[in-house]
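# Summary of structural features
Chain by chain, the residues run as shown.
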Amino acid sequence: MLKFLRQPFRGGIHPDSHKLLTCNNGIDREFWPRNVMLSLQLRNGAKLTPLVKPGDTVLRGQKIAEGRSEMVAPIHSPVNGVVTGIAQHFNSHPSKAKCDTIIIRANSDRRWGESAPQGSFYQLSADEIITRVRDAGIVGLGGAGFPTAAKLSFARSANVDTLVINGGECEPYLTCDDVAMQQYAAEIVAGVRLILTACGAKQAIIGIEDNKPKAIEQLRSAASEDEKIQVLSVPSIYPMGSERHLIKSVTGKTVPVGKLSNSIGILTHNIATTRAVYQAVRFRRPLVSRVITVSGRGIGSPRNVEVPVGTPVHELLAWCGGISDSTARLVFGGPMMGQVISSPYIPIDKTVGGILALTDAEVRQRQPSDCIRCGQCVRACPMGLMPFQMAAFSRISDFSAAENIGIQHCLGCGACSYVCPSAIPLVQYFLHAKGSINANRLKAQRSAKAKALNEIRLQRLAEEAAAKQAAKASKRRERAPRASRPVKELEHD
Amino acid sequence: MINYEPSSGPFAHTRNSSVRIMYTVLLSLLPATIFGIYQFGLGSLRTVLVCCAVAVLAEYASLKLMQRRSAACMDGSALLTGLLLAMSLPSTVPMWLAAMGSAFAIIVGKQIYGGLGQNLFNPAMLARVMLLICFPVEMTNWAVPTPLDFSHNLVTVPDGWLQFDGVTAATTLSGLSKTPESLFSMFLGTEGGSLGETSSLLILAGGLLLLQRRIIHWAIPLSFLAGLGIPSLIGHWFAPTTFLSLPAQIFSGGAMLGAFYIATDLVTSPTSVRGQLVYGAGCGLLIWLIRSFGNYPEGVAFAVLIMNAASPLIDHYLRPAIFGSRSVAGK
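Definitions and cut-offs
- Residues numbered from 1 in each chain as written.
- Chains lettered and ligands numbered in written order.
- Predicted model: local features only at pLDDT ≥ 70, side-chain atom pairs only at ≥ 80, totals over all residues.
- Heavy atoms only, no water.
- Helix = DSSP H or I, 4+ residues; strand = E, 2+ residues; numbered from the N terminus.
- Buried < 20%, exposed > 50% of the residue type's maximum accessible area, 1.4 Å probe, protein only.
- Contact = heavy atoms within 4.5 Å.
- Pairing = 2+ DSSP bridges.
- Phe/Tyr/Trp six-rings, centres within 6.5 Å; stacked < 30°, edge-to-face > 60°.
- Buried area = accessible area lost by both parts, 1.4 Å probe.
- Salt bridge = Lys/Arg side-chain N within 4 Å of Asp/Glu carboxyl O.
- Polar contact = N/O pair within 3.5 Å; in protein donor to acceptor, adjacent residues only side chain to side chain.
- Nonpolar A, V, L, I, M, F, W, Y, C, P; charged D, E, K, R; others polar.
- UniProt positions renumbered as here; feature names shortened; annotations may be inferred.

### A look at the overall build of chain A
- A count of helical and extended segments in chain A gives 15 helices and 17 strands.
- Overall size of chain A, expressed as C-alpha extent along the three principal axes, is 115 × 60 × 50 Å.
- With 493 residues in all, chain A has 53% of them scored as buried.
- Taking the intrachain contacts of chain A between residues at least 6 apart in sequence as the baseline, contacts between residues at least 24 apart amount to 72%.

See the structure below:
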């Protein structure tokens, strides 16, 4: 009953957490890959320009590719080694579409290419911090992978006053943020201070789910001297890691539907990102590795590993004791919102927070049956939507009806699919519907633009024709008196 | 074997399933059913068996005719419809009538709409109302309870227990009962009435189990009982001789069964909490109106059917507020 009263938002679920598999073993920092593959195309399609060519020797931390706009973070070499090729290879996208990839053969030397600069870093200006973050190629490590520097500049121009740090980590199995908070509390707090300076916010709130008592304790003691930083414990409800729901839980404010958190003066960052920011500003270290949870009942020895970006999945799995025969699914990220790994040779990119080898008993996938309108999905939806109705509309391709009842506000958190007793793949319907809606909108926009251009063209042509006519007419008028006089005379005759 | 085929998550699911829900509901109904059989004898056992068997057979035949997966007739939903119908019938009901009602429930009440999850009306209640309108005499033969006698370390089987048409009498709700039942016996269920509706205690226990397993939500039972209770409280306060008291209303007839099992029918009730509150309150209020002013002594089936018809409308207008839609920036 007390738990019910403490609930900060409606909906949400309590899936089995399985976090005990990995949350107390610390971070394994021994892993080193033999090859790394760095895709030159991001999952959203944005491309990067390589700065190296096959045969080049690269140093750890050296910039090897850069984006063509501010919205694409550069890539740095995560290892010392030799570029063996720039070839077509698939990235983490489940379509297995191939794209240009820098392949580096790593040697066992783990030193950084450049030594860290000395000197104080707390006096740095906001612009300097943002520049260093941009140079380090940091993206949000929570999963969306948006460039952190761009996010900071936006927040600065939007005059945010509160910084919310997301230590929710509500996905089952994942503990990489939990152990990072336990081990690097001081660095995280320093990173939070730097972000506060960079975005100009007045206070920072770190929200951590109450199933991570050690992390809360560590961060509380690390931040105890700083009155600008608050560490709050929030109830463990999936999806607490969702930005909107965490903001509601720690500040009591609700981000208006269809708007960004900037609009109510709040900026959010993931806890792992803050540490990367600290490393980038303090040591000028680019983002070339991240802590990843390797877990699931199919993994030989589950643990958290610091993994250089670009490591292929099979190397990491072999390091963690291999996978058992009962493994049914390999998943990037958590089991709720993660995506299927379509091949063991695909590389790990900056946005991957976990690799799970799940057995059939863990997935519990059954054959879908008829919807019995039990309403469990409606009560589980943290966004206050009606999933079974949206699925029914999507099924008959009535996307505008689905949009009317709010399908675009769906987070894709999967709480509805998790609870559905008829095992209906609700999220799959929503992804399909959202994809179709966006494609249709794009098409409509394009045709509207073409129509507008055509109208302008027709207008221009009409004007030109009119001008020509006018010119002709005026010319004729000029000539007319001479030519017409004899005719007139004839007529009058 | 690892499945590398792309698919979207989640890659975790609850242990709950539709079949499991149906059988849990059936299980939670068993105590009340067994009590009904103990009360009214073998005639009621026969009614229960006939209703359940005919329901499953009708489901099987319909699925076969519609070329669906006919094994789905055992998913528990047809069995549940049959049992609920049996529980709402008088124990002395003729066998052919029970069979007809059960087949009507499945074929007209459910499969014609498209099968599981598609029906607009609660099939069991639809069948009950059909029988009540077409066969009013058979449907209001309330048997006098002739329970097994366990006293003196001896099981004594009364004559009425073995008979298929017992002695009938009026009940509290029909208003003709000469000796008013005590509230306690109404709560325990040792009075006349429908087969499985008499024991409020056992139905309440089953309902609480369903609440605890989160199969039903508290909104409907609560608003249902409030919708029935508040008007009866006010009515009884103003005119005690005309209107039944609050406990008599709630513990008599099918009110308890309606609150926890009939109105909460997953398929035909609204899904949002706000909608469920309105729906339950509507059911309760209608029952009070029918019982107090209507021609029929009992109104649960009518009330539920009327609210069933309103359910899609309620779901359309009382959808939950989208998170963030009611907030004002900066508030």
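### Focus on the pairing of strand S7 (residues 81-90) of chain A
Residues and elements named next belong to chain A.
- Of the pairings in the sheet, the one linking strand S4 (residues 57-58) to S7 comprises two bridges and is antiparallel in character. Bridging across to S7, Val58 finds its partner in Gly81.
- Alignment of S7 against strand S8 (residues 98-106), held across nine bridges, turns out to be antiparallel. Opposite Val83, over in S8, you have Ile104 as the bridge partner.

### Examining the side chain of Ser417 of chain A
- If you trace the backbone, Ser417 of chain A turns up in helix H14 (residues 415-419).
- Contacts of Ser417 of chain A, omitting those with residues within four sequence positions, involve Ile424, Pro425, Leu426 and Val427 of chain A together with Pro10 and His13 of chain B.

### Quick notes on the packing of aromatic side chains
Residues and elements named next belong to chain A.
- For the structure shown, the criterion picks out 11 aromatic pairs over all chains.
- On the basis of an interplanar angle of 75° and a centroid distance of 5.9 Å, the ring pair of Phe121 and Tyr278 is categorised as edge-to-face. Taken together, the positions of Phe121 in the loop between S8 and helix H2 (126-135) and Tyr278 in helix H8 (residues 271-283) put the pair 157 residues apart, joining distant regions of the chain. Note on accessibility: Phe121 and Tyr278 belong to one class, buried.
- Each residue in the set Phe121, Tyr278 and Phe283 is aromatic and connected to the rest through ring pairs, giving one cluster.

### So, the interface of chain A and chain B
- Taken together, the contacts link 64 residues of chain A with 44 residues of chain B.
- Carbon and sulfur atoms make up 56% of the surface buried where chain A meets chain B, a total of about 4600 Å² over both sides.
- If you sort the residues of chain A by the area they bury against chain B, Ile372, Arg373 and Arg379 of chain A come out on top, with a joint share of 15%.
- Joining chain A to chain B, the criterion identifies one salt bridge.
- As a salt-bridge pair, Asp315 of chain B and Arg373 of chain A come within 3.3 Å of each other at their nearest N and O atoms.
- The interface formed by chain A and chain B contains 15 residue pairs in polar contact (both at pLDDT 80 or more).
- Those elements that place two or more of their residues in the side of chain A that touches chain B are helix H7 (243-251), strand S15 (327-332), strand S16 (339-340), helix H10 (360-363), helix H11 (376-380), helix H12 (387-395), H14 and helix H15 (426-492) of chain A.
- It is S15 of chain A that contributes the most residues to the side of chain A that touches chain B, five residues altogether.
- Residue composition of the side of chain A that touches chain B, by class: 32 nonpolar, 19 polar and 13 charged.

### Considering the UniProt feature "binding site: [4Fe-4S] cluster 2" (unreviewed entry) in chain A
Residue and element names in this part refer to chain A.
- This chain's UniProt record puts "binding site: [4Fe-4S] cluster 2" (unreviewed entry) on Cys381, Cys410, Cys413 and Cys416. In summary, the annotated positions, though distributed over 36 residues, converge in three dimensions, the widest C-alpha pair being only 10.6 Å.
- Within the element layout of this structure, Cys410 appears in the loop between helix H13 (399-404) and H14.
- Residue class for Cys410 comes out buried when judged on its relative accessible area of 13%.
- Once you skip the residues sitting within four places of it in the chain, Cys410 turns out to touch Leu385, Phe430 and Lys434.
- Along the polypeptide, Cys413 turns up in the loop between H13 and H14.
- Excluding residues that lie within four positions of it along the chain, Cys413 makes contacts with Tyr238, Pro239, Met336, Met337 and Pro382.

### Digging into the pairing of strand S9 (residues 162-167) of chain A
Residue and element names in this part refer to chain A.
- For S9, the tally of buried residues reaches six of six residues, placing the bulk of the element in the interior.
- Here S9 shows two buried faces, one formed by Thr162, Val164 and Asn166 and the other by Leu163, Ile165 and Gly167.
- As judged from the five bridges shared by S9 and strand S12 (residues 266-270), these two strands associate in the parallel manner. The partner of Leu163 across the bridge, within S12, is Leu267.

### A word on the sheet that holds strand S3 (residues 48-50) of chain A
Residues and elements named next belong to chain A.
- Read across the open sheet, the three strands follow the order S3-S5-S6; overall the sheet is antiparallel. Where the open sheet ends on each side, the last strands, each with one partner, are S3 and strand S6 (75-76).
- Judged from the three bridges that link them, S3 and strand S5 (residues 63-67) form a sheet pairing that is antiparallel. Within the sheet, the bridge partner assigned to Pro50 lies in S5 and is Ala65.

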